[in-house]
Structures are given as C-alpha cells and as structure tokens.
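Summary of the model geometry
Now for the letters of each chain:
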Amino acid sequence: MNNLSVLVIDDDADHAADLVDYLSEIQYLTPIKIAKSPQEGIQALLQTQYDLLFLDMEMPKITGLELLKSLSLPPTIVVTSHPSFALTCFDIDTVVEFIEKPVTLIRLTRAVQRATLKTPPTLPKALFLKVGHKM
C-alpha cells in the first residue's frame, strides 16, 4: 500500500500525541501532521491535500461537527470522548469511522483499515445501537 498522508485535528495535546504514537505504528501512514486547533486544521487543509483526517469533536470556537458540515474533507475518522456525536456523524458522508476515546491500537488499526478500503463492504441499511445490554 502507498503511504497515506494524515492530519490530526485535536486541541488536547496529550490526546493528539497518544493518537500520533499509535498512528506511527501503522507504517503506511506517513507523514502525520498535528493541528492543535480547528483554525490551524483549516489552514493545513487549505494548504495540503490529506488522504485521511482524524478529528476531535469538542474544540473551542469551532467544533469538529462545524468543520464536518462546512468544509469538503478527506475521509474522516472521528475521535472523541463524546459518544453522543455518533448519530450525527453517521449522516455525514466524509465520516468513515467513529472512535471513542481513549483510543487503543487495535481499534485504531481496524478503523484505518476500514477507512482505506477501495470498495466499501455492502452494509445493511440499519444502524444498531447498544443501550445497556440490548441492541
């Protein structure tokens, strides 16, 4: 597989650093750039074309959701501490995966594999949500 350029937009420096540490384990994800604010992320997106975007939802001034709705973005993996954004993100075409923090390498690797599939698998037209112990 060819190298894929990655942009991480997250205002939390510790979370961004942890995410980049995990992404560095996936050898074909290079280069990896971090934007520490939505504004810095917008600048990076305007200057460079990225193959994959990792986007936090809760950020000051401009939320990840506002970015998703206002810009044409590369395939996006949402990484957030707020699972309540999942339903909203499900309806946005550029969102290919949703990961709840804290991130694990296994979950991240699976998300990257799904995001980089050439032909998406055929999925049923349903959304299953876990509520307590029921689906």
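Here we summarise the structure given alongside this text. A quick note: this is a predicted structure, and the numbers were derived from the prediction, not measured. Counting of residues starts from 1 at the beginning of each chain's written sequence and follows it residue by residue. Only residues with pLDDT of 70 or above have their local features reported here, since the model is predicted, and side-chain atom pairs are shown and tallied only from 80 upward, although totals for entire chains, interfaces and linings are computed over all residues. With hydrogens and water stripped out, all remaining heavy atoms of the structure feed into the side-chain values.

Re the overall build of the chain
Put simply, the rule is: Each helix is a run of H or I in the DSSP string that is no shorter than four residues. Each strand is a run of E no shorter than two, and both are numbered from the N terminus. The quantity called the radius of gyration is restricted to C-alpha atoms. Its globule counterpart is 2.2 Å times the number of residues to the power 0.38. Buried residues are those whose accessible area, probed at 1.4 Å on protein chains only, stays under 20% of the maximum for their type, while exposed residues exceed 50% and partly exposed ones sit between those limits. In this analysis, two residues are considered to be in contact whenever any of their non-hydrogen atoms come within 4.5 Å of each other. Note on areas: Shrake-Rupley, 1.4 Å probe, and residue coverage restricted to the protein chains presented here. In this tally Asp and Glu are treated as negative and Lys and Arg as positive; neither His nor the chain ends contributes. Each charge is placed at NZ for Lys, CZ for Arg, CG for Asp and CD for Glu.
Counting secondary structure elements, the chain contains five helices and five strands. Its helices and strands taken in sequence order, the chain reads β-α-β-α-β-α-β-α-β-α from the N to the C terminus. Computed over C-alpha atoms, the radius of gyration of the chain comes to 14 Å, within 12% of the 14 Å expected from 2.2 N^0.38 for 135 residues, which places it in the range of a compact globule. Dimensions of the chain along its principal axes, counting C-alpha atoms only, are 40 × 35 × 25 Å. Counting only residues that meet the buried cut, the chain has 38% of its 135 residues in that class. Of the contacts formed within the chain by residues at least 6 apart in sequence, a portion of 54% connects residues at least 24 apart. With the model as given, the accessible surface of the chain reaches about 8,500 Å², and the carbon-plus-sulfur share is 54%. Looking at charge distribution, the chain has the averaged site of its 12 positive side-chain charges lying 7 Å from that of its 16 negative ones.

Points about a nonpolar patch on the surface
Inclusion rule: The patch calculation keeps residues exceeding 30% relative accessible area without a salt bridge and links them within 9 Å when they carry like charges or within 5 Å when they are nonpolar (Val, Leu, Ile, Met, Phe, Trp, Tyr). Each reported salt bridge corresponds to a side-chain nitrogen of Lys or Arg within 4 Å of a carboxyl oxygen of Asp or Glu.
Together, Leu87, Leu129 and Val131 give the surface a local cluster of nonpolar side chains, amounting to about 280 Å² of exposed area. Within the fold, Leu87 resides in helix α4 (residues 86–90).

Side note on unusual backbone geometry
The residue after Thr30, namely Pro31, is reached through a cis peptide bond having omega 0 degrees. As for its placement among the helices and strands, Pro31 is situated in strand β2 (residues 29–35). At the junction of Lys101 and Pro102, the peptide bond is cis and its omega measures out at 0 degrees in the coordinates. Mapped onto the elements of the fold, Pro102 is located in the loop between β5 (95–100) and α5 (105–115). Even without being glycine, Lys61 reaches a positive phi, approximately 70 degrees. Within the element layout of this structure, Lys61 appears in the loop between β3 (52–55) and α3 (64–70). Judged by relative accessible area, which is 78%, Lys61 ranks as exposed.

Regarding the nonpolar core
Filter applied, for reference: By nonpolar core we mean a set of buried residues, namely Ala, Val, Leu, Ile, Met, Phe, Trp, Tyr and Cys, connected to one another through side-chain atoms within 4.5 Å.
Leu7, Ile9, Leu55, Met57, Leu68, Val78 and Cys89 are the most contacted members of the largest nonpolar core, which totals 20 residues. Those elements that provide at least two residues to this core are β1 (4–9), α2 (38–47), β3, α3 and β5. Looking at this core element by element, the count peaks at three residues for α3. Core analysis: the second largest hydrophobic core is formed by 19 residues, Val8, Leu23, Ile26 and Ala111 among them.

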